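Now for the letters of each chain:
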Amino acid sequence: RELREAGKPAEAIRILDKGIARHPRCEALYTMRSDLRSEERNPEGAVADLNQSITMNPQKTELFTRRARIFLRVSQLEAAQCDINRALKLKPEDNDAITLRGGLYFKLNHFDKALQDLNLAIERDSKNYLAYFYRGAVKYKKKELKPAIADFSKAIELEPSHTFAYQSRGCAYGEIGE
């Protein structure tokens, strides 16, 4: 964790590699390395680690939502859908999975379904920045620009490092001439 926070993810990955070599059945080590690989823009490595984690702990909903998030980021939508469905089968009320399903519906241009899931996710957790971001994206696509800006702004308030929210809000402001 310290190396990650110090901006040394490659060094942290090397340490985790050694830990995995010593403890190859430790699901948490693979999951931590997956997070680092994902941050390092190595989705293939991140997915491979999550595959190992899921093999060891196939009932852990969070592993499926983590992998679905990666699949959404790289537009592997069928794989994302499978993982989201698996997570919701394990835990139907899982808010992360509902948020990701809303994001999937957005990417599939099923905007009404996306809004239904994203509104539910926000109702359940008003600090869910990703749900606000995706809902803003849906509203932007539907040309509801001022509500989109409000959602992007809320996403930024909740997660100031979410660069796509800034970019999307800027595009929306540009379209309304502000």
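Enquirer: It is not clear to me how the side chain of arginine 37 should be interpreted in this structure. Could you clarify?
Expert: Mapped onto the fold, arginine 37 is located in helix 3 (residues 27–39). A distance of 3.3 Å separates the side chain of arginine 37 from the backbone oxygen of glycine 45, its partner in a polar contact. When residues no more than four places from it in sequence are discounted, the contact partners of arginine 37 are Ile13, Asn42, Gly45, Ala46 and Asp49.

Enquirer: Would you mind showing me how to read the environment of tyrosine 134 here?
Expert: As for its placement among the helices and strands, tyrosine 134 is situated in helix 9 (residues 129–141). You can call tyrosine 134 buried: its relative accessible area is 10%. When neighbours within four sequence positions are excluded, tyrosine 134 is seen to be in contact with Leu72, Thr99, Gly103, Phe106, Lys107 and Leu118.

Enquirer: How should the packing of aromatic side chains be read in this particular structure?
Expert: One pair of aromatic rings is described through two measures. These are the centre distance and the angle between the planes. Counted according to the given criterion, the structure contains four aromatic pairs. Ring geometry for phenylalanine 133 against phenylalanine 152: centres 5.8 Å apart, planes inclined by 45 degrees, an arrangement best described as tilted. Of this pair, phenylalanine 133 sits in helix 9 while phenylalanine 152 is found in helix 10 (residues 145–158), placing the two residues 19 residues apart along the sequence. Each member of the pair, phenylalanine 133 as well as phenylalanine 152, is classed as buried. Three or more aromatic residues joined by ring pairs form one cluster here, namely Phe106, Phe111, Phe133, Tyr134 and Phe152. Of note, lysine 143 hangs over the ring of tyrosine 140, and the distance from its end group to the ring centre comes to 5.7 Å.

Enquirer: How should I be thinking about the pattern of salt bridges in this particular structure?
Expert: It is possible for side chains bearing opposite charge to pair when their charged atoms get close. What the rule picks out here adds up to 13 salt bridges. Residues aspartate 83 and arginine 67 are paired through a salt bridge, measuring 2.6 Å at the closest nitrogen-oxygen approach. Remark: arginine 67 occurs in helix 5 (residues 61–73) and aspartate 83 occurs in helix 6 (residues 77–90); sequence separation between them is 16 residues. The salt bridge involving aspartate 117 is made with arginine 101; its shortest N-O contact spans 2.6 Å.

Enquirer: In this structure, what is going on with helix 9? I would like to understand it.
Expert: One turn of the α-helix equals 3.6 residues, which is why residues spaced by three or four share an orientation. Along its 13 residues, helix 9 runs 18 Å from first to last C-alpha, staying within 8% of the 18 Å computed at 1.5 Å per residue. A large share of helix 9 lies buried, amounting to ten of its 13 residues. Of all the residues in helix 9, the buried ones are Leu130, Ala131, Tyr132, Phe133, Tyr134, Arg135, Gly136, Ala137, Val138 and Lys139. Elements in contact with the buried residues of helix 9: helix 5, helix 7 (95–107), helix 8 (111–124), helix 10 and helix 11 (163–176). Just beyond helix 9, the residue with positive phi is lysine 143, at close to 65 degrees.

What counts, and at which threshold
- Counting starts from 1 at the beginning of each chain's written sequence and moves along it residue by residue.
- Selection of residues for local features in this predicted model requires a pLDDT of at least 70, selection of side-chain atom pairs for listing and counting requires 80 or more, and totals for whole chains, interfaces and linings are taken over all residues.
- Here the side-chain values reflect all heavy atoms present in the structure, with hydrogen atoms and water set aside.
- In DSSP terms, a helix is any run of H or I states spanning at least four residues, a strand is any run of E spanning at least two, and both are numbered starting from the N terminus.
- Polar contacts, as used here, are pairs of N or O atoms within 3.5 Å; protein pairs need one atom able to donate a hydrogen and one able to accept it. Residues neighboring in sequence count only if both atoms are side-chain atoms.
- In what follows, residue pairs with any heavy atoms lying within 4.5 Å of each other are defined as contacts.
- Exposure categories follow from relative accessible area, calculated using a 1.4 Å probe and restricted to protein chains: below 20% of the type maximum is buried, above 50% is exposed, and the middle band is partly exposed.
- Ring pairs shown here join Phe, Tyr and Trp side chains whose ring centres sit within 6.5 Å, with only the six-membered ring taken for Trp; geometry is labelled stacked below 30 degrees between planes, edge-to-face above 60, and tilted in between.
- Both a distance and an angle decide whether a charge sits over a ring: NZ of Lys or CZ of Arg must be within 6 Å of the ring centre and within 35 degrees of the ring normal.
- Here, a salt bridge means any side-chain nitrogen of Lys or Arg that lies within 4 Å of a carboxyl oxygen of Asp or Glu.
- Helix span, expected: 1.5 Å multiplied by one less than the number of residues in the helix.

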